[in-house]
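Observations on the three-dimensional arrangement
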Amino acid sequence: MKLLKRILLALVILILGLFIFIQLKSNPKYEAPYPQIKASTDSAVIARGKYLAYGPAHCGSCHVPMDKIMDVENGNLIPLSGGWELEIEPGTFRAPNITPDKETGIGNLSDGELARTLRYMVGSDGRCIFPFMPFAELSDEDLTAVISFVRSQPAVKHVVKRSELTFLGKALSAFGLIKPEGTKGDPPKFVPIDSTAAYGKYLANYVANCVGCHTNRDLKTGKLIGKPFSGGFHMPADPLSEDGKSYITPNLTPDPETGWIKDWDEQAFIKRLHGGRVHKSSPMPWGAFGRINELELKAIYRYLKSLPPVKNAVKKTVYERGEKMPEG
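Anyway, here's the lowdown on the structure attached to this text. Counting restarts for each chain: residues are numbered from 1 in the order of the written sequence. The predicted origin of the model limits local features to residues at a pLDDT of at least 70 and limits the giving and counting of side-chain atom pairs to 80 or more, whereas totals for whole chains, interfaces and linings rest on all residues. Computation of side-chain values covers all heavy atoms of the structure but excludes hydrogens and water.

With respect to the sheet that holds strand β5 (residues 246-248)
Rule in force here: Paired strands are those between which DSSP finds at least two bridges. Secondary structure counts use DSSP, requiring at least four H or I residues in a row for a helix and at least two E residues in a row for a strand, with both numbered from the N terminus.
The three strands lie next to each other as β4-β5-β6, forming an open sheet whose pairing is antiparallel. Edge positions in the sheet fall to β4 (234-235) and β6 (318-319), since each has one partner strand and no second.

A few points about the pattern of salt bridges
Once the charged atoms of two side chains with opposite charge are near each other, the side chains can pair. As a reminder of what qualifies: Any Lys or Arg side-chain nitrogen located within 4 Å of an Asp or Glu carboxyl oxygen qualifies as a salt bridge. Each residue is placed in one exposure class: buried if its accessible area under a 1.4 Å probe, protein chains only, is under 20% of its type's maximum, exposed if it is over 50%, and partly exposed if it falls in between.
If you walk through the whole model with that rule in mind, you get 19 salt bridges. One salt bridge connects lysine 189 with aspartate 140, and the closest N-O pair in it is separated by 3.3 Å. With lysine 189 in the loop between α6 (167-174) and α7 (197-207) and aspartate 140 in helix α5 (residues 140-152), the pair connects residues that are 49 residues apart, well separated along the chain. The exposure class of lysine 189 is exposed, given its relative accessible area of 62%.

Concerning the sheet that holds strand β3 (residues 164-165)
Spatially, the three strands line up as an open sheet ordered β1-β2-β3, and their pairing is antiparallel. Across the chains shown, the open sheet's two edge strands, defined by having one partner strand only, are β1 (85-88) and β3. Where strand β2 (residues 91-94) and β3 come together, two bridges link them in antiparallel fashion. Residue pairing across strands places threonine 92 opposite glutamate 164, the latter belonging to β3.

Points about a nonpolar patch on the surface
Convention followed: Surface patches are drawn from residues lacking salt bridges whose relative accessible area is over 30%; two like charges belong together within 9 Å, two nonpolar side chains (Val, Leu, Ile, Met, Phe, Trp, Tyr) within 5 Å. Working definition of accessibility: Shrake-Rupley area with a 1.4 Å probe, residue cover restricted to the visible protein chains.
On the surface, Leu3, Leu4, Ile7, Leu8, Leu11, Leu14 and Ile15 cluster together into a nonpolar patch covering about 710 Å² of accessible area. Relative to the helices and strands, leucine 14 is located in helix α1 (residues 2-25).

Okay, here's the thing in structure tokens:
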């Protein structure tokens, strides 16, 4: 009996110690370089930033109030005052106000701080920014354009609560399972805009983040666990959606048996991307991608067609309310 009591006491002490450790270490501070990026007032630079923000980079799909998301999808390019919310196992994540308001937005942040957040996932206070904005490899030119655009917006006073971690999220953060990743090398100064597969690779991986959804990933850590662009990422129903549908992303590689767009030619691809939303709750930012111009869609199509084929059968992508999805 005494041995059992000692074992139980040791377990209680261990669990309490673990709990205290996680609470104390759940918000580590990180260092990262400040990119030498300076916002521009040049109208052409700002126009490029606006195109990226409401088009391929789809900033407008998250950095607006929840009740305004469909407004942006339908073409109303409102200021990016934040408010989108996502509740998943590691926590409740909210997109902040990125208008130049000094109290509730980015008005007091430097260009370097904004660039560091986008490129290295480190906030102005040193905290880790969870990987919802994979813009680490954005070219200096495009990073400058985006920051120049957000600086040019009208300031909107809109308080958005900080993201909040669950105990799981705190544990992942405390043990370094979620941490800033930063760049894989030296991001390019600029990338020539053309219809080549090379430019399509830049768009699909580093701007539009097609790879982020069309690759299976672990929803707890956010890590990609599937082969790039081969689909299979399970997206459970949004509890706030009216239709309650769930989704599995399709395989975009040119596999002759399981590739979703294997029979599409270039014009069919462009037509579908410009065709808009079919399912109201679809997580794909159809409005934003519908604003991508034809030249850039050609580049993305040519890049997808150049990928190594991956055999991954995603037989069904949309599941009705209550319909069980296959195991991921």
